[in-house]
Amino acid sequence: MFENAERTELSTLGEFGLIDHLTKNFTLRNNTIAGVGDDAAVIKTSNGKCTLISTDMLLEGVHFDLSYFPLKHLGYKAITVNLSDMYAMNAKPNQVTVSIAMSSRFSLEAVEEIYQGIQLACDKYEVDLVGGDTSTSKQGLVISVTVVGEATENEIVYRKGAQVNDLVVVTGDLGGAYCGFQMLEREKRVYIDNPSVQPDLAGYDYILERQLKPEARKDIIEIFKNLTIHPTSMIDVSDGLASECFHLAKNSELGITLYEDKIPIDPTTYNFARELDLDPTLCALSGGEDYELLFTINQSDFEKLSTHPDFSIIGYVTDKSAGMNLITKGGNKHTLQAQGWAAF
Ligand code: ADP
Ligand code: MG
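Residues numbered from 1 in each chain as written. Chains lettered and ligands numbered in written order. Predicted model: local features only at pLDDT ≥ 70, side-chain atom pairs only at ≥ 80, totals over all residues. Heavy atoms only, no water.

(A) Local environment of the sheet that holds strand β10 (residues 293-297). Taken together, the 7 strands give an open sheet; going across it, the order is β8-β10-β7-β11-β9-β12-β13, and neighbouring strands pair in mixed fashion. Only two strands of the sheet have a single neighbouring strand rather than two, namely β8 (233-236) and β13 (333-335). Each adjacent strand pair in this sheet contributes to an overall mean axis angle of 25°, direction not counted. Sheet topology places strand β12 (residues 324-327) next to β13; 3 bridges connect them, and they run antiparallel. Paired with Asn325 across the two strands is Thr335, which belongs to β13. Docked against the sheet, helix α2 (residues 71-87) engages β8 and β10, running at close to 175° with respect to β8. (Pairing = 2+ DSSP bridges. Helix = DSSP H or I, 4+ residues; strand = E, 2+ residues; numbered from the N terminus. Axes fitted to C-alpha atoms, helices over the stretch in contact; angles between N-to-C directions. Contact = heavy atoms within 4.5 Å.)

(B) Up close: the nonpolar core. In terms of nonpolar packing, the biggest core is built from 66 residues, with Leu52, Leu83, Leu141 and Ile143 touching the most fellow members. In terms of residue count, α2 provides more of this core than any other element does, 8 residues in total. Taken together, domain 1 (51-152) and domain 2 (167-335) each give at least three residues to this core, which thus spans both. Once residues within four sequence positions are removed from consideration, Leu83 is found in contact with Pro93, Val96, Tyr125, Val127, Val147 and Ala216. Of all hydrophobic cores here, the second largest spans 23 residues; its members include Ile256, Ala284, Leu294 and Val317. (Core = buried A, V, L, I, M, F, W, Y, C linked by side-chain atoms within 4.5 Å. Buried < 20%, exposed > 50% of the residue type's maximum accessible area, 1.4 Å probe, protein only. Domains from an automatic or database assignment.)

(C) Fine view of the environment of Phe302. As for its position among the elements, Phe302 is in helix α10 (residues 302-305). On a C-alpha basis, the gap between Phe302 and Ile313 in space is 9.0 Å, while along the polypeptide they are 11 residues apart. If we skip the residues at most four places from it in the chain, Phe302 touches Leu167, Ile297 and Ile313.

(D) Summary view of the coordination of the magnesium ion (ligand 2). On the protein side, the magnesium ion (ligand 2) has Asp39 (OD), Asp85 (OD) and Asp236 (OD) as donor atoms, found 2.0 to 2.1 Å from it. Taken in chain order, the donor set of the magnesium ion (ligand 2) reads D-x45-D-x150-D. Of this pair, Asp39 sits in the loop between β1 (32-34) and β2 (41-44) while Asp85 sits in helix α2; the two residues are 46 residues apart in sequence, bridging distant segments of the chain. Residues Asp39 and Asp85 agree in their burial class; the two are buried. (Donors = N, O, S within 2.8 Å, 3.2 Å for Na, K, Ca; no water.)

Printed below as a string of structure tokens:
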């Protein structure tokens, strides 16, 4: 199956190269319409109906730091980040399973807090907790969630499907979750240096909430229905705008040009980034964890969403040879870099 003669470092493949390498020789049977490579897998059931499945894992020390991440928020986030993948397919999530591994350092009360957050998210997004798995762990807390959803075959929107001249649209605003993370890390360092200093988080509620209590854009799927918009391609922004643009472009075999001045950034995000000497645009492009939806639409749908406050038109789709570009505020054209999170 694999013919590697010598040891290869995982870092030479990167996360997406690794997934591709490991899964490319698998055959799809059993009515699977779409397997590895999108926000969720799609399985045809009956009469044009489909079941969708997606899974995501959160690891202590990699995805969250319990020295500042409240357990209730963690439970909530574990659910919403998974639901986000379902909405990114224009599908309705129905069920979740939750698998959890924890060490004896956790008390019953601590696990209860995690489950309070899980329940809050299940109630808000109207999904059913239907199972999972529980294990001890030698080190660190792990939460893995699988979500099952449904949609009709023609409702589903994939990462592929964008056409030349389509508009690139993003919901909400970007870079906030990354700035929230930077803020929490900064306050943690201050606290380690001097435990008597109280964290100074005033005025930054917005970015903290973006990091600690992200919401999934259920509302956007409903707006699409009401405005009769059918995106040509879509993905959720988990790794950063640039990385997600690369996924849409790669899967659609096209290029994308973005306009820096059109990228939506909240003033709190902007000001905090500046305070840390970070480029706010870079926070939006490479920060990740915003869980907004990035999609493309045919220009004929422009009127339907052009005045809607939840949507920003940030660029357009080109042919593949034009590549990936960012037109800066100064009018210069730069090649877009996809940094995202370096998993390995
Ligand atoms: P997302 O950021 O939307 O959660 P990922 O980047 O985690 O998506 O995964 C990309 C695709 O690769 C998805 O279709 C996912 O199901 C698949 N995938 C990720 N890891 C594995 C794995 N170890 N084995 C098989 N498929 C995987
Ligand atoms: Mg996704």
